[in-house]
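Report on the structure
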Amino acid sequence: MLRSSSRCTTLRSLGAIALLGALLGTVADAAAQASAARIERGRYLVEGILGCGNCHTPKTPQGEPIASRNLSGGTVTFSIPPFAGAASNITPDRETGIGRWSDEDIKRAIVEGKRPNHGRLANTDLAVVMATSFFKALTPSDLDAV
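Residues numbered from 1 in each chain as written. Predicted model: local features only at pLDDT ≥ 70, side-chain atom pairs only at ≥ 80, totals over all residues. Heavy atoms only, no water.

So, on to the overall build of the protein chain. Tallying secondary structure elements over the protein chain gives 5 helices and 2 strands in all. Reading the protein chain from its N terminus to its C terminus gives the helix and strand order α-α-β-β-α-α-α. Sorting the 146 residues of the protein chain into buried and exposed places 24% on the buried side. At a minimum sequence separation of 6, the contacts of the protein chain that also span at least 24 residues come to 26%. Within the structure as shown, the protein chain displays about 10300 Å² of accessible surface, and the carbon and sulfur contribution to it stands at 60%. (Helix = DSSP H or I, 4+ residues; strand = E, 2+ residues; numbered from the N terminus. Buried < 20%, exposed > 50% of the residue type's maximum accessible area, 1.4 Å probe, protein only. Contact = heavy atoms within 4.5 Å. Areas by Shrake-Rupley, 256 points an atom, 1.4 Å probe, with all protein chains shown as cover.)

Once that is clear, we can look at the pattern of salt bridges. Under the defined criterion, the tally for this structure stands at 7 salt bridges. Note that Asp 142 is salt-bridged to Arg 41, the shortest N-O span being 2.9 Å. Of this pair, Asp 142 sits in helix H5 (residues 140-145) while Arg 41 sits in helix H1 (residues 2-49), and the two are 101 residues apart along the sequence. Accessibility expressed as a relative area gives 35% for Arg 41, which makes it partly exposed. One salt-bridge network, in which partners are shared between bridges, spans Glu 104, Lys 107 and Asp 144. (Salt bridge = Lys/Arg side-chain N within 4 Å of Asp/Glu carboxyl O.)

All right, on to the side chain of Ser 72 then. Tracing the chain through its elements places Ser 72 in the loop between helix H2 (52-56) and strand E1 (76-80). Looking at Ser 72, its side chain comes within polar contact range of the main-chain oxygen of Arg 69, at 2.7 Å. Setting aside chain neighbours within four positions, we find Ser 72 in contact with His 56, Pro 58, Ser 88, Asn 89 and Thr 91. (Polar contact = N/O pair within 3.5 Å; in protein donor to acceptor, adjacent residues only side chain to side chain.)

Here we come to the environment of Arg 108. Summarising the element assignment, Arg 108 is placed in helix H3 (residues 103-112). When its relative accessible area of 22% is taken as the criterion, Arg 108 is described as partly exposed. Aside from chain neighbours lying at most four places away, what touches Arg 108 is Gly 113, Lys 114, Arg 115, Pro 116, Asn 117 and Asn 123.

Counting buried residues along E1, only 0 of its 5 residues qualify, which leaves the element largely exposed. Inspection of the sheet shows E1 paired to strand E2 (residues 83-86) by 4 bridges, in the antiparallel sense. Each bridged residue has a counterpart across the sheet, and for Ser 79 the counterpart in E2 is Ala 84. In textbook terms, the turn of a hairpin is the stretch between consecutive antiparallel strands, and for E1 and E2 this stretch comprises 2 residues. (Pairing = 2+ DSSP bridges.)

We now examine H3. All of the buried residues in H3 are Asp 105, Lys 107, Ala 109, Ile 110 and Val 111. In the core, the buried residues of H3 are packed alongside helix H4 (132-135) and H5. Looking one or two residues beyond H3, the residue adopting positive phi is Gly 113, at roughly 70 degrees.

Purely geometric stuff here, so don't read any function into it on its own.
Below is the structure:
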């Protein structure tokens, strides 16, 4: 009888482990789907509604965006002698883009128009052409997606 009881306990334990594994797999799948949805939402906002590429993506002489340089900056956004402003590289490149910025740094830049407290031009204002007053309407979840 002891042997049968031990076997039942083992089977119950294996069943519980299998159930736990299935639940963890379901949770992991749901998390992966949520992450993919957030990335897709961010892409939709950046490349659509927010129009980030309008300034931050270089264009051909005909005004067509250069896809291979998407969001890499360099486009002159205003030129009022003696000043000219060029859009920054907002790709995740750690050397030339915003790859060293934290999520909070990026959110602050978007809604407050301030650079991070580190790096090039630390804690300075972004160009006045940055539509921060428009971007302040972004919800926290949309800012997270961006």
